Amino acid sequence: MTIEDHRLYLNYRIILKAKAEGLKTGGSQNKIKKNNFGDNDFHSIYKTAAENEINLLNKLKIKPVRTDSIINYRGRKNLSPNLPQFLHICDRDDLLDTGGILASKIKSAKGIFLTSSRFEGTKIFKAESDILNNLNSYMYDYAGNPKFDFICIGTNSEAEIEFIRKFSGNILLIILPSNPLTNPNLSAINKSSVNFLEISALDPFYKNSKYGFALRNKLAFHLSNEIGILYLSQKSSLSSLIKKFQNAGKKIKIFKSSTIKKSDMNKDTCNITRHNTIRQFILDSLEKENIAIDNLLKLSNIKLNAEEKETAEAISILEMNSEIERCPGGIIKKI
């Protein structure tokens, strides 16, 4: 980070802290570029706290990077990514310190975003070897050269975790967690043989990850020129994201999808009342304490006679709507 970028980022953190206290900071982010920013009353109040946060980020090897240095705006000045001014990158192996080559690769947008629906049949979906093999073949051409500069992938489904565990190759892996980088959930994943970065649009000191999914998906959309769906269910909450890629003319690749039976065409596939009942039961159950996902499946079966598939679907949709959060160990908590 240059001296100028460090100054801008310090001012950026001061503004975030002042706004968190309900103070008026002048609104526009452009104001942090002015030389007289230090004259603001709140600057001296929050400067030390902001510097302490920056020191902690340095210890954790979390680097703030200007969003426009990573996302390729492709000359469209009217493009509004609706992302914060700074992204945060966990770069434990100093991959970014390679003469800017890696940063330029990321900005190329020649990447694929891999994601998955959360359920199949009565089990929360975990990609099997045939899907992973098909995916591996798709990533490389006949000569064995990678088709993409990088792969973006989240950490909130079993399919994603399974892919990260088994991934090997010479393509950069960009992990997009929906939680703050100061609260990692990848400790159980061995990534020693993989070149990877973790990039988050969620501020590392944000107390609530309510907007984690929304920001992650926005970041994935702007970073990638293609989306790959490991598994797409009939009623997937990924539909809006897929439509966004489609409207932007970006390629969509689905590796496995559920099929719609003719007998299902005459059924009320939405069954809004039933789904709402299950979702509300989950939220009520999490009101007093966090519950393991397996226990939620059993509990809803006992109380509502709900099939595991129904509950798994409800959990997935609630999570995508940022109403609940899945923590390490499969523990679910209400946001």
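Located above this text is the structure these notes cover.
Keep in mind that what you see is a predicted model, and the values were worked out from it rather than measured.

Chemist: Explain the overall build of the protein chain here, please?
Modeler: Summing up its helical and strand segments, the protein chain has eleven helices and eleven strands in all. Here the protein chain, with 335 residues, has 46% of them falling under the buried criterion. Pairs at least 24 apart in sequence give 69% of the contacts found in the protein chain among residues at least 6 apart. Accessible surface for the protein chain amounts to roughly 17400 Å². Of this, 48% is attributable to carbon and sulfur atoms.

Chemist: Would you explain the packing of aromatic side chains in this entry?
Modeler: We describe a pair of aromatic rings using the distance from one ring centre to the other and the angle between the two ring planes. One pass over the full model with this rule turns up six aromatic pairs. With a centroid separation of 5.0 Å and 55° between ring planes, the pair formed by Tyr12 and Phe86 is classed as tilted. Of this pair, Tyr12 sits in helix 1 (residues 3-20) while Phe86 sits in strand 2 (residues 86-90), and the two are 74 residues apart along the sequence. Among the residues examined, Phe86 registers a relative accessible area of 1% and is labelled buried. Look at Phe221 and Phe245: their rings are 5.2 Å apart centre to centre, the planes differ by 90°, and that puts the pair in the edge-to-face class.

Chemist: Even after reading the chapter, I still don't get the sheet that holds strand 10 (residues 324-327), so can you show me in this structure?
Modeler: Strands in a sheet are paired, the pairing made by backbone hydrogen bonds, and the direction either parallel or antiparallel. Read from one edge of the open sheet, three strands run 9-11-10, paired in antiparallel fashion. Only two strands of the sheet have a single partner each, and these edge strands are strand 9 (291-292) and strand 10.

Chemist: Hey, could you run me through unusual backbone geometry in this one?
Modeler: In terms of backbone geometry, most residues other than glycine have negative phi values and most peptide bonds are trans. The backbone phi angle of Lys61 is positive, close to 60°, even though this residue is not glycine. Within the secondary structure layout, Lys61 lies in the loop between helix 2 (41-59) and strand 1 (62-66). The exposure class assigned to Lys61 is partly exposed, which follows from its relative accessible area of 36%. Even without a glycine there, the phi angle at Asn305 is positive, about 55°. Examined against the element boundaries, Asn305 turns out to sit in the loop between helix 10 (293-304) and helix 11 (308-320).

Chemist: Can you help me understand the pairing of strand 3 (residues 111-115) in this one?
Modeler: A regular strand places its side chains on the two faces of the sheet in alternate fashion. The buried fraction of strand 3 is high, at five of five residues. Across the two faces of strand 3 the burial is the same, with Gly111, Phe113 and Thr115 and Ile112 and Leu114 all buried. Pairing between strand 3 and strand 7 (residues 226-229): four bridges, direction parallel. Bridging across to strand 7, Thr115 finds its partner in Ile229.

Chemist: I tried to follow the nonpolar core on my own but got confused; where do I start?
Modeler: A general tendency of soluble globular proteins is for nonpolar side chains to be buried together. Residues Ile174, Leu176, Ile199, Leu219 and Leu223 are the most contacted members of the largest nonpolar core, which totals 29 residues. Those elements that provide at least two residues to this core are strand 2, strand 4 (150-153), strand 5 (172-175), strand 6 (196-200), helix 7 (212-223), strand 7 and helix 8 (239-247). Looking at this core element by element, the count peaks at five residues for helix 7. Counting residues in each nonpolar core, the second largest holds 22 residues, with Phe148, Ile153, Phe167 and Ile175 among its members.

Chemist: Got a minute to help me understand the packing of helix 7 against helix 8 in this structure?
Modeler: Helix-helix packing is described using two parameters, namely the angle between the two axes and the distance between the axes. Orientation of helix 7 relative to helix 8, taken along the N-to-C sense of each, is 25°, at an axis distance of 11 Å. In terms of their interaxial angle, helix 7 and helix 8 are classed as roughly parallel. Relative to helix 8, the crossing made by helix 7 is right-handed. Two secondary-structure elements touch here, helix 7 through Asn217, Lys218, Ala220 and Phe221 and helix 8 through Leu241, Lys244 and Phe245. Per-class residue counts for the contact of helix 7 with helix 8 are four nonpolar, one polar and two charged.

Chemist: Looking at this model, I keep getting lost on empty space enclosed by the protein. Mind explaining?
Modeler: Where empty space is left in the structure can be found by rolling a water-sized probe over the atoms. Per the counting criterion, the structure on display carries two cavities of 30 Å³ or more. There is about 40 Å³ of room inside the second largest cavity. For the second largest cavity, the full set of lining residues is Leu176, Pro177, Ser178, Ile199, Ser200, Ala201, Leu202, Gly212, Leu215, Arg216 and Leu219. Listing elements by their share of the lining of the second largest cavity, those giving two or more residues are strand 6 and helix 7. Considering every element that reaches the lining of the second largest cavity, the biggest residue donor is helix 7, with four residues. Taken together, the residues that form the lining of the second largest cavity break down as seven nonpolar, three polar and one charged.

Thresholds, definitions, all that
Residues numbered from 1 in each chain as written. Predicted model: local features only at pLDDT ≥ 70, side-chain atom pairs only at ≥ 80, totals over all residues. Heavy atoms only, no water. Helix = DSSP H or I, 4+ residues; strand = E, 2+ residues; numbered from the N terminus. Buried < 20%, exposed > 50% of the residue type's maximum accessible area, 1.4 Å probe, protein only. Contact = heavy atoms within 4.5 Å. Areas by Shrake-Rupley, 256 points an atom, 1.4 Å probe, with all protein chains shown as cover. Phe/Tyr/Trp six-rings, centres within 6.5 Å; stacked < 30°, edge-to-face > 60°. Pairing = 2+ DSSP bridges. Core = buried A, V, L, I, M, F, W, Y, C linked by side-chain atoms within 4.5 Å. Axes fitted to C-alpha atoms, helices over the stretch in contact; angles between N-to-C directions. Parallel < 35°, antiparallel > 145°, perpendicular 65-115°, else oblique. Left-handed = near helix turned anticlockwise from the far one by under 90°. Nonpolar A, V, L, I, M, F, W, Y, C, P; charged D, E, K, R; others polar. 1 Å grid on protein atoms, 1.4 Å probe; cavity = no way out; pocket = protein on both sides within 12 Å on 5 of 7 lines; lining within 4 Å. Points joined across faces, edges and corners; volume = space filled by probe spheres on them.

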